Amino acid sequence: MKFLVAIILTALLAFVAGLFLPWWGIAIAAFLVALVINQGGGPAWVSGFLGVFLLWGGLAFWVSMKNQDLLAGKVATVLPLGGNVILLILVTGFIGGLVAGFAAMSGSYLRSRTRRQ
Amino acid sequence: MRIAPFIISTFLTVILVFALDKSWPIGGKRLPALGKFLSPQQGIWQNAEPKEYDFSRDLRFPELKGKVEVYFDERLVPHVFAENDEDLYFVQGYLHARFRLWQMEFQTMAAAGRISEIFGNNEIFINYDKETRRLGMVYAAKNAVKEMESNPISKSGCDAYTAGVNAYINSLNYASLPIEYKLLDYKPEPWSNFKIALFLKQMSRTLAGSENDLAFTNMKSVFDFNELMILNPQVADSLEPIVPKGTAFDPPGINPIQPATADSLYFNKKDSLALNEISKPHPSNGSNNWAIAGKKSLSGSPILCNDPHLELTFPSIWYEMQLSAPGINVYGATFPGSPSVIIGFNDSIAFGFTNAQRDVKDYYEIRFKDDSRREYWFNGKWEKTQLREEKIRVKEGRIILDTVAYTRFGPVIYDIRFSPEAAGNRSIAVRWTAHDPSNEGLMWFYLNRAKNYTDYYNAIKHFTCPGQNMIFASKQGDIALWQQAKFPARWKGQGLFVMPGEDSSYIWQGFIPQVENPHVINPERGFIASANQRPVDSTYSYFIPGNYNTTRGITISKRLAELPRVSIKDMMALQNDYFNRIASEVVPVLLKNIDESKVAVGQKYLGMLRSWDFQAGPASTAQTVFSAWWDSLKVFVWKDEFDRIHANKYLPDTRTLVEALIRDTAFKYIDDINTTARESLRDAVTIAFSRALPNLQKAEQVGALEWAKYKNPTIFHILKTVTGFARDGLPVGGDGNMVNAITKSHGPSWRMIVHLTPLTEAYGIYPGGQSGNPGSRYYDNFVDHWTKGEYFRLWMMKRSDAMDKKVKWIMKFSKS
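Calculation notes
Residues numbered from 1 in each chain as written. Chains lettered and ligands numbered in written order. Predicted model: local features only at pLDDT ≥ 70, side-chain atom pairs only at ≥ 80, totals over all residues. Helix = DSSP H or I, 4+ residues; strand = E, 2+ residues; numbered from the N terminus. Buried ≥ 20, exposed ≤ 12 C-beta atoms within 10 Å, placed from the backbone. Contact = placed C-beta atoms within 7 Å. Rg over C-alpha atoms; globule rule 2.2 N^0.38 Å. pLDDT = per-residue confidence, 0-100. Axes fitted to C-alpha atoms, helices over the stretch in contact; angles between N-to-C directions. Parallel < 35°, antiparallel > 145°, perpendicular 65-115°, else oblique. Left-handed = near helix turned anticlockwise from the far one by under 90°. Nonpolar A, V, L, I, M, F, W, Y, C, P; charged D, E, K, R; others polar. Pairing = 2+ DSSP bridges. Core = buried A, V, L, I, M, F, W, Y, C linked by C-beta atoms within 7 Å. Expected span 1.5 Å × (residues − 1). Bend = angle between axes of the 7 residues up to and from the residue. Arc of directions from axis to C-beta.

Across its full length, chain A carries five helices and zero strands. Reading chain A from its N terminus to its C terminus gives the helix and strand order α-α-α-α-α. On the principal axes, the C-alpha backbone points of chain A span a range of 55 × 25 × 25 Å. Looking at chain A residue by residue over its 117 residues, the buried ones come to 56%. Counting contacts in chain A only where the partners sit at least 6 residues apart, residues at least 24 apart contribute 72% of the total.

With that settled, consider the overall build of chain B. Helices and strands together make up the secondary structure of chain B, namely 23 helices and 30 strands. Relative to the 2.2 N^0.38 estimate, which gives 28 Å for 816 residues, the radius of gyration of chain B is 28 Å and therefore close to what a compact globule would have. Referenced to the eigenvectors of the C-alpha coordinate spread, the extents of chain B come out at roughly 90 × 70 × 60 Å. Counting all 816 residues of chain B, 54% fall into the buried class. Taking the contacts inside chain B whose residues are at least 6 apart along the sequence as the reference set, 72% of them involve residues at least 24 apart.

It is worth spelling out the confidence of the model for chain B at this point. Averaged over all residues, the pLDDT of chain B is 95; the fraction at 70 or higher stands at 100%. ipTM for the predicted complex: 0.96, alongside a pTM of 0.96.

Residues and elements named next belong to chain B. Running from N to C, helix α19 (residues 622-642) and helix α21 (residues 681-701) cross one another at 135°; their axes reach a closest spacing of 8 Å. Comparing their axes, α21 and α19 come out oblique. Crossing geometry of α19 relative to α21 is assigned as right-handed. Residues T624, V625, A628, W629, S632, L633, F636 and V637 of α19 form the contact with α21, whose participating residues are A684, V685, I687, A688, F689, R691, A692, N695, L696 and A699. Residues that form the contact of α19 with α21 fall into these classes: 14 nonpolar, three polar and one charged.

Residue and element names in this part refer to chain B. The element strand β27 (residues 751-755) is extensively covered by neighbouring structure, given that five of its five residues are classed as buried. Of the two faces of β27, the one holding R751, I753 and H755 and the one holding M752 and V754 are both buried throughout. Looking at chain direction, strand β7 (residues 303-311) and β27 are connected through four bridges and run antiparallel. Each residue of the ladder has a partner; that of L304, found in β27, is V754. The pairing of β27 with strand β28 (residues 761-765) spans five bridges and is classified as antiparallel. Paired with H755 across the bridge in β28 is E761. The antiparallel pairing of β27 with β28 creates a hairpin that spans five residues between the two strands.

Attention shifts here to the interface of chain A and chain B. If you look at the interface, chain A gives 35 residues, while chain B gives 35 residues. Counting only elements with at least two residues in the side of chain A that touches chain B, the list comes to α1 (2-20), α3 (41-66), α4 (70-78) and α5 (85-116) of chain A. At 13 residues, α5 of chain A tops the list of elements feeding residues into the side of chain A that touches chain B. Taken together, the residues of the side of chain A that touches chain B sort by class into 23 nonpolar, nine polar and three charged.

Residues and elements named next belong to chain B. Pairing is mixed in the open sheet, where eleven strands are placed in the order β3-β30-β4-β5-β9-β10-β11-β12-β20-β21-β23. Sheet topology places β3 (57-61) and β23 (519-521) at the edges, where each strand pairs with a single neighbour. This sheet shows a mean twist of 15° between the axes of neighbouring strands, independent of strand direction. Relative to strand β11 (residues 343-346), strand β10 (residues 328-334) runs antiparallel, the two being bridged by four bridges. If you follow V330 over to β11, its bridge partner there is N346.

Bringing unusual backbone geometry into the picture now. With an omega of 0°, the peptide bond running from L79 of chain A to P80 of chain A counts as cis. With respect to the helices, strands and loops of the structure, P80 of chain A is situated in the loop between α4 and α5. For the bond running from F314 of chain B to P315 of chain B, omega is -15°, close enough to zero to count as cis. The phi angle at D185 of chain B is positive, at roughly 60°, despite the residue not being glycine. With respect to the helices, strands and loops of the structure, D185 of chain B is situated in the loop between α8 (179-184) and α9 (193-207). A positive phi angle, near 65°, is found at F614 of chain B, a position not held by glycine. Structurally, F614 of chain B is set in the loop between α18 (603-610) and α19.

By way of backbone hydrogen bonds, the strands of a sheet pair with one another, either parallel or antiparallel. All names here are of chain B. Strand order in the open sheet made by the four strands is β18-β19-β13-β22, with mixed pairing throughout. Either end of the sheet is taken by a strand with one partner, and the two such strands are β18 (412-414) and β22 (499-500). Pairing between strand β13 (residues 361-366) and β22: two bridges, direction parallel. Each bridged residue has a counterpart across the sheet, and for E365 the counterpart in β22 is P500.

Attention shifts here to the packing of helix α17 (residues 581-593) of chain B against helix α20 (residues 654-663) of chain B. All names here are of chain B. Interhelical geometry of α17 versus α20 gives an angle of 45° and a closest axis separation of 10 Å. One finds that α17 runs oblique with respect to α20. Of the two possible hands of crossing, α17 and α20 adopt the one that is left-handed. Taken together, the residues of α20 that come into contact with α17 (itself represented by I582, E585, V586 and V589) are T654, V658, L661 and I662. By residue class, the composition of the contact of α17 with α20 is six nonpolar, one polar and one charged.

The next thing to look at is the nonpolar core. A general feature of soluble globular proteins is that nonpolar side chains tend to end up buried together. Counting residues in each nonpolar core, the largest one holds 279 residues, and the members touching the most others are A14, I26 and A30 of chain A together with A291 and F472 of chain B. Setting aside residues no more than four positions away along its own chain, I26 of chain A makes contact with A14, A17, V52, G96, V99 and A100 of chain A.

What follows deals with helix α3 (residues 85-111) of chain B. Residues and elements named next belong to chain B. Taking 1.5 Å of rise per residue, 27 residues should cover 39 Å, yet α3 covers just 28 Å from first to last C-alpha, more than 12% shy of that figure. Its axis deflected by about 100° at R100, α3 carries its strongest bend there. Two residues or fewer past α3, G113 is found with a positive phi of approximately 70°.

The subject of this paragraph is the confidence of the model for chain A. Scored by pLDDT, chain A has a mean of 92; 96% of the residues are at 70 or more. Across chain A, the secondary-structure element scoring lowest on mean pLDDT is α5 of chain A, at 89, and the one scoring highest is α3 of chain A, at 96.

This part covers the environment of I343 of chain B. Following the sequence through the fold, I343 of chain B ends up in strand β11. Between the C-alpha atom of I343 of chain B and that of I471 of chain B, which follows or precedes it by 128 residues, the distance is 10.0 Å.

This brings us to the environment of G467 of chain B. All names here are of chain B. Looking at where G467 falls in the secondary structure, it is placed in the loop between α14 (453-460) and β20 (468-474). Distance in space between the C-alpha atoms of G467 and F487 is 7.9 Å, their sequence separation being 20 residues. In this structure, G467 is in contact with A208, A356, R358, V360, Q483, Q484, A485 and F487, ignoring residues within four places of it in sequence.

Residues and elements named next belong to chain B. Helix length check: helix α1 (residues 3-20), at 18 residues, gives a terminal C-alpha distance of 25 Å against a target of 26 Å (1.5 Å per residue), a fit within 8%. Along α1, the residues classified as buried are F6, S9, T13, L16 and L20. End-on, the buried residues of α1 take up no more than an arc of 100°, which puts them together on one face. Pointing more than 90 degrees away from the buried face of α1 are the exposed residues I3, A4, I7, F11, I15 and F18.

As structure tokens, then:
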């Protein structure tokens, strides 16, 4: 349950951060959520990762659908991902998730340290 | 204790964020800053324009004086209605930036020799920047902006335009940046009037820089002057000049005198310049335009047609607009980067351009006192140079300094510092009319508002470089063309080769008086046509070398002469004409001379040529066969002679060989001088064909014998390496010598036909789209229509049409 809540909260907070902060606001979001929700480092990493993976992947999917994959198809040849739009969306989610995962892990470790003191 | 893991994971997070916030060079290419780049709320996904995107806006700016309405039609063409000129140009600047910011900034960065700031540490780009600065592009633009800002009309128009561009730039954040900035990880800088000047100078570089002085100088070491004139004739036998043959010219207003030393120091001086020439404009730049008088048109009203052949790029160099304010209502193709409509029409007249191809750039050999280049020998004493320090600020790296010496001729492009490869420390300065102070933009200001021939003629006098054939037609019934620019008056042979620069004797003695520029006004035959050919026959009073194209002009003139009464359909057909005149002249000679017994396997290809109608459409295989054979023959004929020259070669124009073969089958250059035998035309065409055969067989094996597949016409994004933004394999035929001059990379970049009926009937199309955003459906939506030779009806909107169903979006601008 905690795990699920962490994922959803991370996604929500990361979305809000995206409205006001540069892209790395996702790290702050994931960090804060992990600071609040008590999880071990491992689960925190996964929930941070999944929260932003789902947010970024989902947003990218939504934006691309409205664009009929016009741009994603082109960018996916520039990167190069063989023009594969789904792959570009997955890479997008993965990059965001990766940053959020480690940020969440930091949050979790910081929380366990503060609690002990 | 959780401190260690905390530090480690925090460290990892920070490293990740840092690494993904920055673009990285990876083997020649750059990996974008992936975090920023892929963020759906800020990165490239923000450039993915929804299919049903709403372009309408309500915008307020303190710079505006009144209200401006912009109505976008279904092709995203803006129809701008302003209450005064300043607001009009403010909004033009704003819209150019809104839809084309990246290209306009990039092109001006290129014009200023600053692309290493964008691309980073790469010798190719650094060298391009050096070349650009040594050519004096920045110097030229500085001279131009001074002139521009000293004229109150130009200044207020340019100031407003610049303010409009900057209003848009200031509204941007990372999310709304054009995608190219995200790819290359940089930001736009403020726009300025100087950048407008740079943009226009870039046109001079493209269109007034095709001289071959260095190559000709080296040819002199192998060929005598007579031979040079045979290889590069000033007047082709078959020339159809713009000014009809037989027109009488006034006696010259200026008589340039050949210096006494010309034979010894210039014509007969054997020389060899072993230096790397700076990059030159692509030879496929060119254009067609023609105007039909009312007496020759089906409707009785004049018709004006224009199709400039430039490099086909995404985004296109053109952006379509209507500009309307009290005193002006003009429609046509605009240059993002400059105010005004460049090729178009208003309610009274239409105007267009082709390139004059005239040589306005000469070279002088400079003798410096020493390597400091502070002084050079001139008229018997040491004269001081002006040294200008150029700073190339390479992205993420060093600053490269280059000092360029300026002489009374102009900048010294080649010297010990830039061309260490040149034996004997040669130093060569350039004299180029593009450096002279001028205000080209003013011409368009007046042309956009011109009502009749007099207005047109007064407008074009403001234009000095690059030389253009300025075609004109009016509802009053006049048609006219002036070849306009500031052209040096040369003595015969002046400026073909590098000239001695140690005294004033080889300096330009003056300019051809403007009234003596080639022109045609309401000719008897009822039409005027230009297609980059030499403008006049040999009776013209001046020596006017240039890089002319003879063939297209013949096709157009002949076709127009044949047509009894011209319809709009005829004009569309002519602009899309695939007739290969060169092939029609040469193929009979080739087929007559080939020794078929030696090329038995090629029979099938020869068969294609025998039954060919000389139409080089996309599916033509005969065109491919001809092209391969002809290219091979040119190599056979010229390579042996030109191999004797070791640097800066320039092979004779195709026309030279065409006319030689028609005139004289024993043309002396046919012989391969490297063999003891004397090759005849029969040997040459047979050997050339057998050498072309493997290419044809290879093409056939991969299913690419059809002309469009063989040449693979491609519209690249301006960033050539970003092939994902390009469109290749376009199903189009043609070639540079045909009216529909589509080569692999160049072609009709804006086809326009204006029928000057009481209510103007106009058509146009360009291979691109109004939006510069690869994520927009308006990025390339004209391309498929363009390849089919279709046109859009151009809508000169009236303010009262605001409710018309063609209006899809409205942008309202007002004072804040």
